[in-house]
Amino acid sequence: MNRTKLLIMFLLLVSFLSATGCAESSDSDEVPEEPVDPEPIPDGPEADAGAENEIGDNELASESQTMNLENTEGAGQIRTLTLNITSENKEYPAYIAAPDAEGNYSAVVLIHSFNGLEPGYRDMVDRMAADGFVVVAPQWQTYSRSPPDSEVEALVRNSISYLESRDDIDPEKLGLTGFCAGGRYTMLFLPQIEEFKSGVAWYGFPYSGGTETQPDEPASLIDQLEDPILIIHGTRDEASNVSDIYRYAGELDAADKYFELKVYQREPHGFMIEDGELSESFVAQDAYEEMVDFFDRTLNNSTLDNSSQ
């Protein structure tokens, strides 16, 4: 075979790989443009895993899978699945992980960042399950990159309803956590949704709001806050300046609301997720342990309550 034919075959192979998405592409933090007709069921092994089943109003997109995962006390077995949560007549995929052993566990709703439910968040959900929590992470951007607060709140409330339908959780021990935009939602919804008993807000935006679709700033709801909150932030956060976090903490303190604040020097916005993956840095591991310890103290051994202050 001569060199010209080899070159032609090589170019055809490169063209085929590019068309199928197998060729290398540059990394980007941009969220893909929302589709004209969004598909609620995600592509991938979760969607192809097995037959559909019904749980209340929620349709399973995958069969439950069991795996071993390292936790703080050694190896733990967890179960994972992806299902659709119905909210306002729309279906939103949600990733679920739970301890495999029978029990009556605390549960957490996890709200991902503006960059979507990246693989790192799934790994975090798995890790939390190995540490003894049932966790649901709904994909709140399924139909819009920036949905109204009311739409996200409805989805969070329906995620709670899903958790309460399970026989392995204690409905009196529900927590909320979120990252970036999810951090703002944690600050926003914790005072408004009474089912939650505590929350962890990661690099959130306490003074973001005042628009038609986002009418309330989280800081304006401090007086309604009845649950303890942990705020985790970095000093080099350019998207959400740490000065706003100190201001928010000062307002919480002035209102006699129980909070804990963990600030990491030199850390940027979104330091828990690097290139879509869960960071294994010292800071990321320490911050994760801060969250798990806080939920353990406020949900499993609840002694903190803003309503009595």
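Above this text sits the structure in question.
Throughout what follows, the structure given in this document is the object of discussion. (Residues numbered from 1 in each chain as written. Predicted model: local features only at pLDDT ≥ 70, side-chain atom pairs only at ≥ 80, totals over all residues. Heavy atoms only, no water.)

1. Digging into the packing of aromatic side chains
- The tally for this structure, following the rule as stated, stands at 13 aromatic pairs.
- Where Phe-179 meets Trp-202, the ring centres are 4.9 Å apart and the plane angle is 25 degrees; that geometry is what we call stacked. Linking Phe-179 in strand 8 (residues 169-179) with Trp-202 in strand 9 (residues 196-202), this pair joins segments that are 23 residues apart in sequence. Each of the two residues, Phe-179 as well as Trp-202, counts as buried.
- A centroid spacing of 6.3 Å and a plane angle of 70 degrees characterise the contact between Trp-202 and Tyr-203, whose relative ring orientation is edge-to-face. A single burial state applies to Trp-202 and to Tyr-203, both of which are buried.
- An aromatic cluster is built from Tyr-121, Phe-179, Trp-202, Tyr-203, Tyr-264 and Phe-271, whose rings are joined through pairwise contacts.
- Directly above the ring of Tyr-143 sits Lys-90, whose terminal nitrogen or CZ lies 5.0 Å from the centroid.
- Across from the ring centre of Tyr-207, 3.9 Å away, lies the NZ or CZ of Arg-247, which sits over that ring. (Phe/Tyr/Trp six-rings, centres within 6.5 Å; stacked < 30°, edge-to-face > 60°. Helix = DSSP H or I, 4+ residues; strand = E, 2+ residues; numbered from the N terminus. Buried < 20%, exposed > 50% of the residue type's maximum accessible area, 1.4 Å probe, protein only. Lys NZ or Arg CZ within 6 Å of the ring centre and 35° of its normal.)

2. Considering the pattern of salt bridges
- Taken as a whole and judged by the stated rule, the model has eleven salt bridges.
- Notably, a salt bridge pairs Arg-79 with Asp-168, separated by 3.6 Å at the nearest N-O pair. With Arg-79 in strand 4 (residues 74-87) and Asp-168 in the loop between helix 3 (149-165) and strand 8, this residue pair connects regions lying 89 residues apart in the sequence.
- In this structure, the salt-bridge partner of Glu-153 is Arg-157, at a minimum N-O distance of 3.0 Å. On the criterion of helical spacing, the pair formed by Glu-153 and Arg-157 is a turn pair, its members being four residues apart in helix 3.
- Taking the relative accessible area as the measure of exposure, Arg-157 reaches 34% and is therefore partly exposed.
- Overlapping salt bridges bring together Arg-79, Asp-100, Arg-166 and Asp-168 as one network. (Salt bridge = Lys/Arg side-chain N within 4 Å of Asp/Glu carboxyl O.)

3. Considering the packing of helix 3 against helix 4 (residues 181-189)
- Viewed as axis vectors pointing N to C, helix 3 and helix 4 meet at an angle of 75 degrees, and their least axial separation amounts to 11 Å. Here helix 3 is positioned roughly perpendicular relative to helix 4, judged by the angle of their axes. Listed contacts from helix 4 to Asp-149, Val-152, Glu-153 and Val-156 of helix 3 are Arg-184, Tyr-185, Leu-188 and Phe-189.
- Of the residues belonging to the contact of helix 3 with helix 4, the class tally is five nonpolar, no polar and three charged. (Axes fitted to C-alpha atoms, helices over the stretch in contact; angles between N-to-C directions. Parallel < 35°, antiparallel > 145°, perpendicular 65-115°, else oblique. Contact = heavy atoms within 4.5 Å. Nonpolar A, V, L, I, M, F, W, Y, C, P; charged D, E, K, R; others polar.)

4. Structural notes on helix 5 (residues 242-254)
- Here helix 5 spans 18 Å end to end across 13 residues, near enough to the 18 Å set by a 1.5 Å rise per residue.
- Those residues of helix 5 not exposed but buried are Val-242, Ile-245, Tyr-248, Ala-249 and Leu-252. One side of helix 5 holds all its buried residues, which, seen down the axis, span an arc of 110 degrees.
- Looking at the packing, one finds that the buried side of helix 5 touches helix 4, strand 10 (229-234) and strand 11 (259-264).
- Count one or two residues on from helix 5 and you reach Asp-256, which has phi positive near 60 degrees. (Expected span 1.5 Å × (residues − 1). Arc of directions from axis to C-beta.)

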